[in-house]
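# Examining the three-dimensional arrangement
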Amino acid sequence: MATYSADYLKRLWAAVERFEEAFGRWMETQEESDHSQTRGLYRTAWTKEGQDQAVVRALELDVAEAAGAAARAVAVTGASIHVAGIGVLDPIENWSQVSFPRALFTPQEVRATAARVRGRLNTMISEAEEAAKSATPGFAPSELHKVIWTAAAAHWTTHQYRVAVREASEALTVHWKERLGRNDVDDTVFWQQTLSPGEPEDGRPKLAWPGDPTDKTNRSMRGGLEPLAKALNSLATGLNLTVRNVTTHTRDELTEQEGMERLAAYSYFARLLDQCEIRRSEEESGS
């Protein structure tokens, strides 16, 4: 399933282990808390009294260096975390957030991410070694759209392909509902309203292909906007009905190939949406 060699994955595994060690040494100089104690308003780690600040700064640099090498492993394994109102973030790359006010992560979440990454890498290493023996053409699902792979990774690496597709489909819809503030409608209706042609209404923003209408090239592009919107609308509705609903209501397992094709469809759709602009009604835009 992976195009990454076992040697490369092992190097990522070692990089994550080095990060854990560096992060652990730095945390020995820190007081630790969590979101329940800080109520989400304060940092979740701060320097203990009596610590030599020069030593603390040197340890922070060690962690930063180790995080730079280990962050790629998070992308490969899809172990990022979705933070409400912000999006998908890598706790290893953003480890220093624990010492910021309104900390996005706790030290335990950083540790848990590193452990999760190593666990998934172990599975990927085994599969890469088997693929090398059989010379089977590889596939790198970690190169799919970040929202899709982050949601699917935990289930894909344990061969639960049906669940992986379901989680990916729901994650994409949740992602765009949150961005547009549209938790007031069912998923299918949401996509129909969001990608339909015409002007946006109050409380119903739309996604539209971008472009300056005064530019000749963009005028040509906008000439195809309505059929493009209809195509995106059909794709969104079709995926929602034929993929998400089927995987939710059945217990029949998908094959790896079937799961890969469905995830690829969602990934392509997600990349198209990323290129669209958010259009709101004049009243909302002026408020």
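Everything numeric in this text was worked out from a predicted model, so none of it was measured.

Here the focus is unusual backbone geometry. In this structure, R102 takes a positive phi of about 55° despite not being glycine. Looking at the secondary structure, you find R102 in the loop between β4 (87-89) and α4 (107-134). One non-glycine residue, H159, lies in positive phi territory at about 70°. Mapped onto the elements of the fold, H159 is located in the loop between α5 (146-156) and α6 (161-180). According to the relative accessible area criterion, H159 is partly exposed, its value standing at 40%.

Before going further, it helps to examine the pattern of salt bridges. Think of it this way: side chains of opposite charge can pair up when their charged atoms draw near. Under the counting rule described, the total for this entry stands at 9 salt bridges. Residues R166 and E167 are paired through a salt bridge, measuring 3.0 Å at the closest nitrogen-oxygen approach. Residue class for R166 comes out partly exposed when judged on its relative accessible area of 22%. Note that E199 is salt-bridged to R279, the shortest N-O span being 3.0 Å.

With that settled, the discussion passes to the packing of α5 against helix α10 (residues 256-275). Between α5 and α10, the least distance of the axes is 10 Å, while the angle of their chain directions is 165°. By the angle class used here, α5 and α10 are roughly antiparallel. The crossing of α5 and α10 is right-handed. Listed contacts from α10 to I148, A152 and W156 of α5 are E256, G259, M260, L263, Y266, S267 and A270. Taken together, the residues of the contact of α5 with α10 sort by class into 7 nonpolar, 2 polar and 1 charged.

Let us now look at the packing of α5 against α6. Helix-helix packing is described using two parameters, namely the angle between the two axes and the distance between the axes. Close contact between α5 and α6 brings their axes to 8 Å; oriented N to C, the two are set at 155°. By the criterion of interaxial angle, the relationship of α5 to α6 is roughly antiparallel. The handedness of the crossing between α5 and α6 comes out as right-handed. Residue-level inspection shows V147, I148, A151, A152, H155 and W156 of α5 in contact with α6, the latter providing Y161, V163, A164, E167, A168, A171, L172 and H175.

Here we come to the side chain of T173. The topology assignment puts T173 in helix α6. Judged by its relative accessible area of 3%, T173 falls in the buried class. Setting aside residues up to four positions removed in sequence, T173 forms contacts with D187, F190 and W191.

Moving on: the confidence of the model for the protein chain. The predicted structure's coordinates, where accompanied by low pLDDT, should not be read in detail. Per-residue pLDDT for the protein chain has a mean of 83; in total, 81% of the residues score no lower than 70. For the protein chain, helix α9 (residues 225-249) is the element with the lowest average pLDDT, namely 59, and helix α1 (residues 6-27) is the one with the highest, namely 94.

Rules behind the numbers
- Position numbers for residues count from 1 along each chain, tracking the sequence in the order it is written.
- Given that the model is predicted, a residue must reach a pLDDT of at least 70 before its local features are reported, and side-chain atom pairs must reach 80 or more before they are shown or counted; all residues, however, enter totals for whole chains, interfaces and linings.
- Side-chain measures here rest on the full set of heavy atoms in the structure, leaving out hydrogens and waters.
- Comment: elements are numbered from the N terminus, with helices defined as DSSP H or I runs of at least four residues and strands as E runs of at least two.
- Any residue under 20% of the maximum accessible area for its type is buried, any over 50% is exposed, and the rest in between are partly exposed; the area is computed with a 1.4 Å probe on protein chains only.
- Any carboxyl oxygen of Asp or Glu that lies within 4 Å of a side-chain nitrogen of Lys or Arg is treated as forming a salt bridge with it.
- For every element, the axis is a line fit to its C-alpha atoms; helices are fit only across the contacting stretch, and the angle between N-to-C directions ranges from 0 to 180 degrees.
- For classification, angles of less than 35 degrees are called roughly parallel, those exceeding 145 degrees roughly antiparallel, those between 65 and 115 degrees roughly perpendicular, and all remaining angles oblique.
- Handedness of each helix crossing follows the sense of rotation of the near helix against the far helix: counterclockwise by less than a right angle gives left-handed, clockwise gives right-handed.
- Note on contacts: a residue pair is in contact if any heavy atoms of the two residues lie within 4.5 Å.
- Residues are grouped as follows: Ala, Val, Leu, Ile, Met, Phe, Trp, Tyr, Cys and Pro are nonpolar; Asp, Glu, Lys and Arg are charged; all remaining types, including Gly, are polar.
- Values of pLDDT, the confidence the predictor places in each residue, fall between 0 and 100.

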